[in-house]
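Observations on the three-dimensional arrangement
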Amino acid sequence: MTSAILGTGKCLPKKIVTNDDLSQIVDTNDAWIRERTGIQTRHLATSETTETLSIEAAKQALEAAQIAPENLGLIIVATLTPDGSMPNTACKVQAAIGAKNAMCYEINAACSGFIYGLQTAHAFISSGILSYALIIGAETLSKIMDWKDRSTCVLFGDGAGAAVLGASEKGIICLDGGADGSKGGVLTCGNAPLCNPYTKHPASNPYVEMDGQEVFKFAVRKIPAIVNNLLEKTDHTIDDLSCILLHQANQRIIQSAAKRLHADLDIFPMNLDKYGNTSAASVAILLDEVARSGKLSKGDLIALAGFGGGLTWAGLLLEWV
Ligand code: ACO
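In this text, all values refer to a predicted model and were calculated from it rather than measured experimentally. (Residues numbered from 1 in each chain as written. Predicted model: local features only at pLDDT ≥ 70, side-chain atom pairs only at ≥ 80, totals over all residues. Heavy atoms only, no water.)

Below, the discussion takes up the nonpolar core. Formed by 47 residues in total, the largest nonpolar core has its most connected members in Val227, Ile238, Leu241, Ile244, Leu246, Phe268 and Phe307. At the level of secondary structure, the elements contributing two or more residues to this core comprise α7 (212-233), β13 (243-246), α8 (251-260), β14 (301-308) and β15 (312-319). Take this core: its biggest share by element is nine residues, from α7. Two domains each put at least three residues into this core: domain 1 (2-169) and domain 2 (174-319). Contact partners of Leu246, with chain neighbours within four places excluded, come to Ile223, Ile254, Ala257, Phe268, Val283, Leu286 and Ala305. (Core = buried A, V, L, I, M, F, W, Y, C linked by side-chain atoms within 4.5 Å. Buried < 20%, exposed > 50% of the residue type's maximum accessible area, 1.4 Å probe, protein only. Helix = DSSP H or I, 4+ residues; strand = E, 2+ residues; numbered from the N terminus. Domains from an automatic or database assignment. Contact = heavy atoms within 4.5 Å.)

See below:
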């Protein structure tokens, strides 16, 4: 017994912000952003929250899967931008959709979070502990951007994607992933400092800081390694894959991965031009768009791969059902 993706959903905030819009806020321009990243627009939350985006994506995924919320044994929300620390976002989703039989928690593995979430749910389902799980990747990254820092604020966007996993004869075939905490300093975001009557610490930067070139080097090495590991472990070759869904951070990273894998760029669907980098939501949103495009057929072999802060990375090989 394995687990399979039975339905997907997504939700993007209504407000669309172009590169030209951003050039009114920071010293940047459309040409720089397009050439260095491929990003043209991003959606930014104005009234939406990580909770509301998650709930809408979840409802769509359940409807597509035709699974009643009471059948869910687990809800995982992958996010690094919850609206608060407690209750966790998964509990808020549970309450909104009426999934009264589900365990609920968040995973923070930055941009690898959605795939980590799928892997965790797969472990529960394939071991027979539960039958259905809802995994959501959701972010409102705009609230942790330093809107004076042009090197980061142009890259990210807000949104959510979701998938229902269910017990199945065919589906997920292989997992890959890991982390290297020793390199965590290249992509950081602080939080409230330790502060009580007995101690006081200087506040850390509450905004995203990134050594873009180090992250770039990490990504272009790690993505091909994840995909090759998945293929080697299952005796497949790159030609067996119908598509490879990568974390949508930068078009140049995806082009480099295609080159290193000797794969046609056409098998790497992209939507970062529209949404920017939505961290934990990115692979989830892309999966929903590809699933709804009608381009996938039963039996197609698909790889998912992500990388992000931590540093973390994760991959999945699955057969579409
Ligand atoms: N507009 C105009 N100029 C800019 C901007 C901007 N938005 N941002 C930086 N610049 C300038 C810099 O100041 C620098 O100017 P200088 O040469 O006068 O000093 C110049 O452009 C080049 O800057 P670099 O940082 O060297 O540009 P680079 O080619 O490395 O591109 C980028 C930067 C796009 C961030 C790239 O390094 C990258 O994509 N890295 C990977 C980032 C990534 O994937 N992050 C997310 C992964 S993890 C996650 O998703 C949470």
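Having seen it, we continue.
By nearness alone, 24 residues border the ligand, and Arg36, Cys111, Gln213, Asn250 and Asn277 come closest of all. Interatomic distance of 2.8 Å between a side-chain N/O atom of His247 and an oxygen atom of the ligand. Here Asn277 contributes a side-chain N or O atom positioned 2.6 Å from an oxygen atom of the ligand. The dominant element in the shell around the ligand, judged by the number of residues it contributes, is α7, at four residues. Residue composition of the shell around the ligand, grouped by class: eleven nonpolar, nine polar and four charged. A domain-level breakdown of the shell around the ligand finds at least three residues from each of domain 1 (2-169) and domain 2 (174-319). (Near = heavy atom within 4 Å. Polar contact = N/O pair within 3.5 Å; in protein donor to acceptor, adjacent residues only side chain to side chain. Nonpolar A, V, L, I, M, F, W, Y, C, P; charged D, E, K, R; others polar.)

This part covers the side chain of Thr234. Checked against the element boundaries, Thr234 lands in the loop between α7 and β13. At 2.7 Å, the side chain of Thr234 forms a polar contact with the backbone oxygen of Leu230. Once you skip the residues sitting within four places of it in the chain, Thr234 turns out to touch Ile173, Cys174 and Leu317.

In terms of domain boundaries, the chain breaks down into domain 1 (2-169) and domain 2 (174-319). Relative placement of domain 1 and domain 2: their C-alpha centres are 14 Å apart. On the side of domain 2, 44 residues touch domain 1, which itself brings 49 residues to the contact. Summed over both partners, the interface of domain 1 with domain 2 buries about 3400 Å², with 63% contributed by carbon and sulfur atoms. (Buried area = accessible area lost by both parts, 1.4 Å probe.)

Looking now at the pairing of strand β3 (residues 41-44). Judged by which residues are buried, β3 turns out to be covered on both faces: Thr41 and His43 on one side and Arg42 and Leu44 on the other are all buried. In the sheet, strand β2 (residues 15-18) pairs with β3 via four bridges, with the strands oriented antiparallel. From the neighbouring strand, Ile16 faces β3, where its bridge partner is His43. (Pairing = 2+ DSSP bridges.)

Quick look at the sheet that holds β13 now. One key point about sheets: their strands pair by backbone hydrogen bonds, in either a parallel or an antiparallel sense. Judged by pairing direction, the sheet is mixed, and its four strands sit side by side in the order β8-β15-β14-β13 without closing on themselves. For this open sheet the edge positions go to β8 (172-179) and β13, each flanked by a neighbour on one side alone. Within this sheet the neighbouring strands show an average axis-to-axis angle of 10°, counted without direction. The pairing of β14 with β15 spans eight bridges and is antiparallel. Residue Phe307 lies in a different strand from β15, and its bridge partner there is Trp313. Its contacts with the sheet put helix α5 (residues 113-126) on β8, β14 and β15, and the angle it makes with β15 is roughly 55°. Against the sheet, helix α10 (residues 282-292) touches β13 and β14, its axis set at about 145° to β13. (Axes fitted to C-alpha atoms, helices over the stretch in contact; angles between N-to-C directions.)

Looking now at unusual backbone geometry. A cis amide bond links Met86 to the next residue, Pro87, at an omega of -5°. On the secondary structure map, Pro87 appears in the loop between β4 (74-78) and α4 (89-97). That bond from Gly310 to Leu311 is cis: its omega, -10°, falls within 30 degrees of zero. Here Leu311 is to be found in the loop between β14 and β15. A positive phi angle, close to 50°, is found at Ala110, a residue other than glycine. Mapped onto the fold, Ala110 is located in the loop between β5 (103-107) and α5.

This part is about the side chain of Asn250. Position of Asn250 among the secondary structure elements: in the loop between β13 and α8. Owing to a relative accessible area of 9%, Asn250 belongs among the buried residues under this scheme. Among all residues touching Asn250, those that are not within four sequence positions of it are Arg36, Thr37, Phe216 and Leu272.

Before going further, it helps to spend a moment on the pattern of salt bridges. On inspection of all chains with the given rule, the structure shows nine salt bridges. The salt bridge partner of Lys183 is Asp180, with a shortest N-O separation of 3.0 Å. Look at Asp180 and you get partly exposed, because its relative accessible area is 21%. The salt bridge involving Glu289 is made with Lys274; its shortest N-O contact spans 3.3 Å. Of this pair, Glu289 sits in helix α10 while Lys274 sits in helix α9 (residues 272-275); the two residues are 15 residues apart in sequence, bridging distant segments of the chain. (Salt bridge = Lys/Arg side-chain N within 4 Å of Asp/Glu carboxyl O.)

A full pass over the atoms with the stated rule returns two aromatic pairs. Judged by centre distance (6.4 Å) and plane angle (70°), the ring pair of Phe218 and Phe307 falls under edge-to-face. Of the two residues, Phe218 sits in helix α7 while Phe307 sits in strand β14, which places them 89 residues apart along the sequence. Both residues of the pair, Phe218 and Phe307, belong to the buried class. Joined through ring pairs, the aromatic side chains of Phe218, Phe307 and Trp313 make up one cluster. Sitting over the ring of Trp313, Lys222 keeps its end group 3.7 Å from the ring centre. (Phe/Tyr/Trp six-rings, centres within 6.5 Å; stacked < 30°, edge-to-face > 60°. Lys NZ or Arg CZ within 6 Å of the ring centre and 35° of its normal.)

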